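Working through the structure, step by step
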Amino acid sequence: MSTIVLLTLTGLALAAMYFLLAAGLSLIFGLMDVLNFAHGAFFTWGAYVAWWTVGRAADVLGPTGAFLLALVAATLAVAALAAAVEIGLLRPLYRRPIYQVLVTLGIGLALSQLTSVIWRPDARPFPQPDWLVATSTVFGARVPNNRFLLIAAALAVLGGLLLFLRRTRYGLIVRAGAENREMVQALGIDVDRAFTLVFALGGALAGLGGVFGAAYFGSINPNFGSVNLIFAFIVVVIGGLGSVTGSALAAVVIGLAQQFGNYYTSWAGDFVVVLLLAVVLLVRPRGLLGTLQ
Amino acid sequence: MSGGGRLRPLLPVAILVGLLAAPLVSAPVPVLLDGPLNGPGNLQLLAVGFAFGIAALAYNLLFGYTGVLSFGHALFFGAGVYLPTIALGEWGWGLVPAVAFALVAGTLLAAVIGALALRTQGVYFAMVTLAFAQAGAVLVGKNVGGLTGGEEGLSLPFRRLPRWMVGVVNTDNLYWLTLAVLILVYLLSLRLVTSPAGRVWQGIRENERRVEMLGLRPYAFKLLAFVVSGALATVGGVVYLFLTGGATPRAVGADLTVALLLMVIIGGAGSLWGPVAGAVLYHYLNVRLTVWAGSDAVAGLPAVLREPLRDPLFVFGLIFVGLVLFFPQGLAGAFAGRRLGPLRRALGGSTPTLAGKGGVE
């Protein structure tokens, strides 16, 4: 029983991390038709910015204050980075989606390698406040608190995103742009600005995800993001490209499947995930809740 | 590729003769290479580049000619690297059956994965192939079944190989073998892209709907391209195995697929010699950048410049972005002189789009 509870909660925390990556990917794809391969690098940068911030701020603000500051710093820094990438490198390639994908691939490679250049390739332990590493007992299972924080953060992001998409003017533009970009443009709305906004938003979520990912794994390294990116891609495709709720649902399925699978053998989880992807694509190619194809 | 000077047709012949004769030339190539041209290290450097060239040619049939972006090609290359090693070492097979087994298995693998993955399109297709390759990488890396040696990899059982293939003294034999396979694959690719099926591939790249309207099934042609491409990537893997003498998980990783994509983009998608040149250049830079980074000229630079230069992947990432933005047709396009216009325009900042004919859209 306690094992099942532990696996479920860690699985959900993993799902939360995948969701933070996948939500941004899904939004970006939905609106811009770009599969952002730089998203893994954004995630890595979020983790490194947080690590750097905690290292500088821990003495002044204490561990908890430094961690909170790191969350804000990573989110803002990566959002700015993403906006710069979008304006500087993707904008010249609008209407050429494959080349945009290739550019994000190149940027992703260079950016994640840059962390290795600056901070060396070795893994670094990620310092976090004691109360996050401490465990709480739930039905006999001792679960680290950062798992709960991660799940709560993902739920908050899910709620926030749905509100943004359904209740704000920009959300309306984003949804309409995903449906029919030319029409939105024809109505005199600056879609380019919506692109930058969505890309920065996706970057912010990836940066945030990077901090929580660092807390979840307890250490960071330059390949940190690219490993998780593959699973986030799978989540996005299973959930249905462009659907935030679909991503959330798929993230839960993938996170749980992976945790439970890997409990039995070291590779079963990863394998089951790929199998799930293959089945979903064959039976329902547009994904669980996807409308685009 | 049209136009060119009077000497143009002679250039490929000259290059080919030069490459064939390389193991006989003991003259040094200052700056570019260490020691004499036919030193084992230099021949190895070139030959590994050729092996990647075979895989890049294979990848290009799918990406450059059919317009299908696969993120799973490392799986087929990896099959070419791992399967002969396992057949030779674990099962005690002879060289010829082991290689034949790898080629058949790689082809079948491509047929199965292609048949499944091609039910989807575009980005979905890229994802599915990436996922399959990832599954393969997991199986290899975690040593499922105890066959692959896990993270350590396997080394080729040299005792089971003919003597002319083994050892540093025989590097020139392996060099010629690799070059011969490369030439064969090149000629086969040339034959394929000018065949009726090859025409349909290019038709699919330009406008799939139109091909469908003509009464042809794009699925069948894309599957053919995928299978041929997967099989030839396996060939590249086999040759690579003999050159490097062992199998490591890097040969099945997603990084290798990205490297293949880089080689094709550097060389020029949709040209035949481009990807080969791209592959040789990629491997050369990958090896030499680390050497140059240790040289006096670079050591004199400030740390801000010096440290990034030590990291080939970082440099490749930047090169890649630059190429996609300014030379989407790669070396082949730049050579043909068609791509300087966009660069000028981009530097002048007048038109933001780099739309041009050919290539993948």
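Scroll up a little and you will see the structure.
Residues numbered from 1 in each chain as written. Chains lettered and ligands numbered in written order. Predicted model: local features only at pLDDT ≥ 70, side-chain atom pairs only at ≥ 80, totals over all residues. Heavy atoms only, no water.

A look at the overall build of chain B
- Tallying secondary structure elements over chain B gives 16 helices and two strands in all.
- Its C-alpha atoms give chain B principal-axis dimensions of roughly 60 × 55 × 45 Å.
- Taken across its 361 residues, chain B has 53% of its residues classed as buried.
- Roughly 15,800 Å² of accessible area belongs to chain B as shown, and the carbon and sulfur atoms make up 67% of that amount.
- Each charge sign in chain B was given a centre, from 23 positive and 13 negative side chains, and these centres are 12 Å apart. (Helix = DSSP H or I, 4+ residues; strand = E, 2+ residues; numbered from the N terminus. Buried < 20%, exposed > 50% of the residue type's maximum accessible area, 1.4 Å probe, protein only. Areas by Shrake-Rupley, 256 points an atom, 1.4 Å probe, with all protein chains shown as cover. Lys, Arg positive; Asp, Glu negative; His and termini not counted. Charge placed at Lys NZ, Arg CZ, Asp CG, Glu CD.)

Here's the deal with the overall build of chain A
- Helices and strands together make up the secondary structure of chain A, namely eleven helices and four strands.
- A compact globule built from 293 residues should have a C-alpha radius of gyration of about 19 Å, and chain A, at 19 Å, falls within 12% of that.
- Projected onto its principal axes, the C-alpha positions of chain A cover 60 × 45 × 35 Å.
- Here chain A, with 293 residues, has 58% of them falling under the buried criterion.
- If you take every contact in chain A between residues at least 6 apart in sequence, the share linking residues at least 24 apart comes to 76%.
- In the form shown here, chain A has an accessible surface area of approximately 11,400 Å², with 67% of it arising from carbon and sulfur atoms.
- One finds the centroid of the 16 positive side-chain charges in chain A at a distance of 4 Å from the centroid of its 10 negative side-chain charges. (Rg over C-alpha atoms; globule rule 2.2 N^0.38 Å. Contact = heavy atoms within 4.5 Å.)

Some thoughts on the packing of aromatic side chains
All names here are of chain A.
- Throughout the structure, instances matching the rule amount to 23 aromatic pairs over all chains.
- Taken together, a centroid distance of 6.1 Å and an interplanar angle of 75° make the contact between tyrosine 48 and tryptophan 51 edge-to-face. Here tyrosine 48 and its partner tryptophan 51 are both found in helix H2 (residues 39-90), three residues apart, which amounts to about one turn of the helix. Summarising the burial analysis for this pair, tyrosine 48 and tryptophan 51 share the class buried.
- Between tyrosine 48 and tryptophan 119, the ring centres sit 5.1 Å apart and the planes meet at 10°, which makes this aromatic pair stacked. With tyrosine 48 in helix H2 and tryptophan 119 in helix H3 (residues 97-119), the pair connects residues that are 71 residues apart, well separated along the chain. Neither residue differs from the other here; tyrosine 48 and tryptophan 119 are each classed as buried.
- Three or more aromatic residues joined by ring pairs make a cluster, and in this case those are Phe43, Tyr216, Phe217 and Phe224.
- Here the basic side chain of arginine 147 rests over the ring of tyrosine 216, its NZ or CZ set 4.2 Å away from the ring centre. (Phe/Tyr/Trp six-rings, centres within 6.5 Å; stacked < 30°, edge-to-face > 60°. Lys NZ or Arg CZ within 6 Å of the ring centre and 35° of its normal.)

Section: the nonpolar core
- Ranked by internal contacts, the top residues of the largest apolar core, which has 223 residues, are Phe19, Phe42, Leu102 and Ile234 of chain A together with Phe63, Met127 and Phe242 of chain B.
- With 20 residues, H2 of chain A is the single largest residue contributor to this core.
- Apart from the residues lying within four places of it in its own chain, the contact partners of isoleucine 234 of chain A are Ile254, Val273 and Leu277 of chain A together with Ala131 of chain B. (Core = buried A, V, L, I, M, F, W, Y, C linked by side-chain atoms within 4.5 Å.)

Overview of unusual backbone geometry
All names here are of chain A.
- Phi is positive for arginine 120, which is not a glycine, with a value near 70°.
- Mapped onto the elements, arginine 120 comes out in the loop between H3 and strand E1 (124-125).
- Even without glycine at this site, phenylalanine 139 takes up a positive phi of about 45°.
- As for its placement among the helices and strands, phenylalanine 139 is situated in the loop between strand E2 (135-138) and strand E3 (141-144).
- What makes phenylalanine 139 exposed here is its relative accessible area of 66%.

Regarding the pattern of salt bridges
- Within this structure, the stated rule accounts for five salt bridges over all chains.
- Here glutamate 206 of chain B and arginine 205 of chain B are joined by a salt bridge, their closest N and O atoms 2.9 Å apart. (Salt bridge = Lys/Arg side-chain N within 4 Å of Asp/Glu carboxyl O.)

Side note on empty space enclosed by the protein
- According to the stated counting rule, one finds one cavity of 30 Å³ or more in the structure shown.
- If you add up the space inside the largest cavity, you get close to 40 Å³.
- Lining the largest cavity, in full, are Ala278, Leu281 and Leu282 of chain A together with Leu116, Ala117, Thr120, Val128 and Phe132 of chain B.
- Among the elements of the structure, helix H11 (268-283) of chain A together with helix H4 (95-117) and helix H5 (122-141) of chain B are those that each provide at least two residues to the lining of the largest cavity.
- Sort the elements by how many residues they give to the lining of the largest cavity and H11 of chain A lands first, with three residues. (1 Å grid on protein atoms, 1.4 Å probe; cavity = no way out; pocket = protein on both sides within 12 Å on 5 of 7 lines; lining within 4 Å. Points joined across faces, edges and corners; volume = space filled by probe spheres on them.)

A few points about the environment of arginine 217 of chain B
All names here are of chain B.
- For arginine 217, the location among the structural elements is in the loop between helix H8 (208-213) and helix H9 (218-244).
- On the basis of relative accessibility, which here comes to 57%, the residue arginine 217 falls in the exposed class.
- The spacing of arginine 217 and isoleucine 204 is 13 residues in sequence and 10.0 Å in space, taken between C-alpha atoms.

Things to note about helix H11 (residues 273-293) of chain B
Residues and elements named next belong to chain B.
- Between its terminal C-alpha atoms H11 stretches 29 Å, which fits the 30 Å expected from 21 residues at 1.5 Å a residue.
- Of all the bends in H11, the largest measures some 30° and sits at valine 287.
- Where H11 is concerned, the buried positions are Gly274, Pro275, Val276, Gly278, Ala279, Tyr282, His283, Tyr284, Leu285, Arg288, Leu289 and Ala293. (Expected span 1.5 Å × (residues − 1). Bend = angle between axes of the 7 residues up to and from the residue.)

Some points on the interface of chain A and chain B
- Contacts between the two partners involve 40 residues from chain A and, on the opposite side, 42 residues from chain B.
- Both sides together, the interface formed by chain A and chain B hides about 4,000 Å², and carbon and sulfur atoms give 78% of it.
- Linking chain A with chain B are one salt bridge, by the criterion used here.
- Across the pair lysine 142 of chain B and aspartate 270 of chain A runs a salt bridge, and its minimum N-O distance is 3.8 Å.
- Inspection of the region where chain A meets chain B yields zero residue pairs in polar contact (both at pLDDT 80 or more).
- Where the side of chain A that touches chain B is concerned, the elements lending two or more residues are H3, helix H9 (224-239) and H11 of chain A.
- Broken down by element, the residue count for the side of chain A that touches chain B peaks at 13 residues, all from H3 of chain A.
- Here the residues of the side of chain A that touches chain B are counted per class, giving 31 nonpolar, five polar and four charged. (Buried area = accessible area lost by both parts, 1.4 Å probe. Polar contact = N/O pair within 3.5 Å; in protein donor to acceptor, adjacent residues only side chain to side chain. Nonpolar A, V, L, I, M, F, W, Y, C, P; charged D, E, K, R; others polar.)

Quick word on the packing of H4 of chain B against H9 of chain B
All names here are of chain B.
- One can describe the packing of H4 onto H9 by two numbers: an axis separation of 8 Å at closest approach and a directional angle of 145°. For the element pair H4 and H9, the recorded crossing hand is right-handed. The residues of H9 that touch H4, namely those facing Leu95, Val99, Ala102, Leu103, Gly106, Thr107, Ala110, Ala111, Ile113, Gly114 and Ala115, are Tyr219, Leu223, Phe226, Val227, Gly230, Ala231, Thr234, Val235, Val238 and Phe242.
- Of the residues in the contact of H4 with H9, the class split is 16 nonpolar, five polar and no charged. (Axes fitted to C-alpha atoms, helices over the stretch in contact; angles between N-to-C directions. Left-handed = near helix turned anticlockwise from the far one by under 90°.)

Remarks on the environment of proline 125 of chain A
Residues and elements named next belong to chain A.
- Tracing the chain through its elements places proline 125 in strand E1.
- Between the C-alpha atoms of proline 125 and tryptophan 51, which are 74 residues apart in sequence, the distance is 8.8 Å.
- In this structure proline 125 touches Trp51, Gly218 and Ser219, once residues within four positions along its chain are discounted.

Considerations on the pairing of E3 of chain A
Residue and element names in this part refer to chain A.
- Where E2 and E3 come together, four bridges link them in antiparallel fashion. Opposite serine 136, over in E3, you have valine 143 as the bridge partner.
- Counting the residues between successive antiparallel strands, the hairpin from E2 to E3 contains two residues, one of them, phenylalanine 139, with a positive phi of roughly 45°. (Pairing = 2+ DSSP bridges.)

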